[in-house]
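One-letter residues, chain by chain:
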Amino acid sequence: MNKTLLALASMAAIASIPSLALAQSTVTLFGVADVAVGKVKNGSAGSQTRMASGSASTSRWGVRGVEDLGGGLKAGFHLEQGVNLTNGSIDTTRAFGRRSTVSLLGGFGELRLGRDYTPTALNTFADEFGVVGVGSRGIFSYGAGSNLGSTATTVLRADNAVSYFLPNIGGVYGQFQATADGSAVGNKYLGGRVGYKNGPIDLALAYGKTDTGSTPDFKNYNIQFNYNFGVAILHTLLDVKQWSPRESKDISIGATIPVGQGAVKVGYTLANRSGGAIGSGFGDADDSTRFGLGYMHNLSKRTTLYTTYGLVTNKGAARSSVNYAAPTGMLGGEKSSGVEFGVRHTF
């Protein structure tokens, strides 16, 4: 009897070892399923009824995990891939092109290695539409032509990135990022971000420079200021991109206004371009504006219905579009507009 009890106790102890090890780490599957139907019109290119994936939040799936190493030190990883819900396709050129990183975390902050968002891109994300959809300032922040025609590929993300994130110190946060030696031309990035978030205030400044090879460096600096008034959240951004002599200054203002189970969203951006040759789309007369208006209705914490209207007005040779890239047939100076109705589910 005693031998039997001892054997059972030993088996229970051995069986508990894997669970004890797993208790020190967590792995999470996460994602967003977002799809909308609507209609867009792009000047002479005409109108198109379409279905679009990721118009309130980019559709994606991923897996992330954290292991407690003890002594306040943790290791983590994050793998994330975009998904097109309209046809079920994924990005086959980059299995985890949205983000693929490994990290060490502790009281010192976070050291993160891999493909990740640049500090200058992160400073543009806190807008009323989440920089996606037909009404978002993302049309200018990282749409076609956002690198001013340079070879820079770092407007949104950088490969081979080494990032350091400050621990939160009384509301102060920050990030420094540099790409490793040997990065491709257009991906050699150096930049940083510092901000303060406390109570209703969120203020951050960011600067980044990308080596474009034999041409001038591509530079991007911006300042984001958001304020929560309770009855509404104010979203503002000044985003400046330079590739001498070309320059674009985007000034955005918007608001998120809670209404019942949802929120009304409204935003405006002026993209003031200069320095480029006449007819290039980056000349002094090639300015654009965007206006966005939308409503999001929360059916639950995870599921949201939404509708958005967007209008882009172009001058001169500018061809900015609610599609983020102008279709063939759209001429310079023509308007682009779109309306969408969609559903988003997060998991």
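Fair warning: this is a prediction, and the values are worked out from it, not measured in the lab. (Residues numbered from 1 in each chain as written. Predicted model: local features only at pLDDT ≥ 70, side-chain atom pairs only at ≥ 80, totals over all residues. Heavy atoms only, no water.)

Draft legend 1. Geometry of the overall build of the chain. A tally of regular secondary structure across the chain gives 3 helices and 18 strands. Along the first, second and third principal axes, the C-alpha set of the chain runs to 90 × 45 × 40 Å. For the chain, restricting intrachain contacts to residue pairs at least 6 apart in sequence, the fraction spanning at least 24 positions comes to 54%. Accessible area for the chain stands at about 16800 Å²; split by element, carbon and sulfur atoms hold 64% of it. Once the 31 positive and 22 negative side-chain charges of the chain are each reduced to a mean point, those two points are 5 Å apart. (Helix = DSSP H or I, 4+ residues; strand = E, 2+ residues; numbered from the N terminus. Contact = heavy atoms within 4.5 Å. Areas by Shrake-Rupley, 256 points an atom, 1.4 Å probe, with all protein chains shown as cover. Lys, Arg positive; Asp, Glu negative; His and termini not counted. Charge placed at Lys NZ, Arg CZ, Asp CG, Glu CD.)

Draft legend 2. Here's a closer look at the pattern of salt bridges. Taken as a whole, this structure holds 11 salt bridges when the rule is applied. Residue Arg94 pairs with Asp159 through a salt bridge whose shortest N-O separation is 3.1 Å. Here Arg94, found in the loop between β5 (89-90) and β6 (99-106), pairs with Asp159, found in strand β8 (residues 157-165); they are 65 residues apart in sequence, far enough to count as distant. Put simply, Arg137 and Asp127 hold a salt bridge, and the shortest N to O gap is 4.0 Å. Placement of the pair is Arg137 in the loop between α2 (119-122) and α3 (138-141) and Asp127 in the loop between α2 and α3, with a sequence separation of 10 residues. Pair check on accessibility: Arg137 and Asp127 agree, each one buried. (Salt bridge = Lys/Arg side-chain N within 4 Å of Asp/Glu carboxyl O. Buried < 20%, exposed > 50% of the residue type's maximum accessible area, 1.4 Å probe, protein only.)

Draft legend 3. Looking closely at the pairing of strand β3 (residues 60-70). Summarising the sheet, strand β1 (residues 25-42) and β3 pair through 8 bridges and their orientation is antiparallel. Pairing of Val32 across the sheet is with Arg60, part of β3. (Pairing = 2+ DSSP bridges.)

Draft legend 4. Here's a closer look at the side chain of Ser248. With respect to the helices and strands, Ser248 occurs in strand β14 (residues 246-259). Residue Ser248 is classed as buried on the basis of its relative accessible area of 7%. Within the structure, Ser248 has its side chain in polar contact with the side chain of Asp250 (distance 3.0 Å). Apart from residues lying up to four places away in sequence, Ser248 is in contact with Leu148, Asp239, Val240, Lys241, Asn272 and Arg273. (Polar contact = N/O pair within 3.5 Å; in protein donor to acceptor, adjacent residues only side chain to side chain.)

Draft legend 5. Structural view of the nonpolar core. Residues Val40, Val134, Ile139, Phe140, Ala271, Val312, Val322 and Tyr324 constitute the largest nonpolar core, which totals 8 residues. Formed by 6 residues, the second largest nonpolar core is a distinct cluster that contains Leu148, Val155, Phe218 and Phe282. (Core = buried A, V, L, I, M, F, W, Y, C linked by side-chain atoms within 4.5 Å.)

Draft legend 6. How the structure looks around the packing of aromatic side chains. The tally for this structure, following the rule as stated, stands at 5 aromatic pairs. Ring geometry for Tyr142 and Tyr324: centres 6.0 Å apart, planes at 40 degrees, overall tilted. In this pair, Tyr142 is assigned in the loop between α3 and β8 and Tyr324 in the loop between β17 (303-314) and β18 (336-346), connecting sequence segments 182 residues apart. When its relative accessible area of 26% is taken as the criterion, Tyr142 is described as partly exposed. Residue Tyr324 is classed as buried on the basis of its relative accessible area of 18%. Following the ring pairs from residue to residue traces out a cluster consisting of Phe225, Tyr227 and Phe229. One cation-aromatic arrangement involves Arg64 over Phe30; the distance from NZ or CZ to the ring centre is 4.0 Å. (Phe/Tyr/Trp six-rings, centres within 6.5 Å; stacked < 30°, edge-to-face > 60°. Lys NZ or Arg CZ within 6 Å of the ring centre and 35° of its normal.)

Draft legend 7. Looking closely at the confidence of the model for the chain. Across the chain, the average pLDDT comes to 93, with 93% of residues at 70 or higher. Here residues 1-23 scores under 50 on pLDDT; set against residues more than four positions off or in separate chains, the count is 0 contacts. (pLDDT = per-residue confidence, 0-100.)

Draft legend 8. Just the environment of Tyr227, in detail. Mapping Tyr227 onto the fold places it in strand β12 (residues 218-228). Exposure remark for Tyr227: the relative accessible area of 26% places this residue in the partly exposed category. Spatially, the C-alpha atoms of Tyr227 and Gly199 are 8.9 Å apart, while their sequence positions differ by 28 residues. Contact partners of Tyr227, with chain neighbours within four places excluded, come to Pro200, Ile201, Ala232, Ile233 and Leu234.

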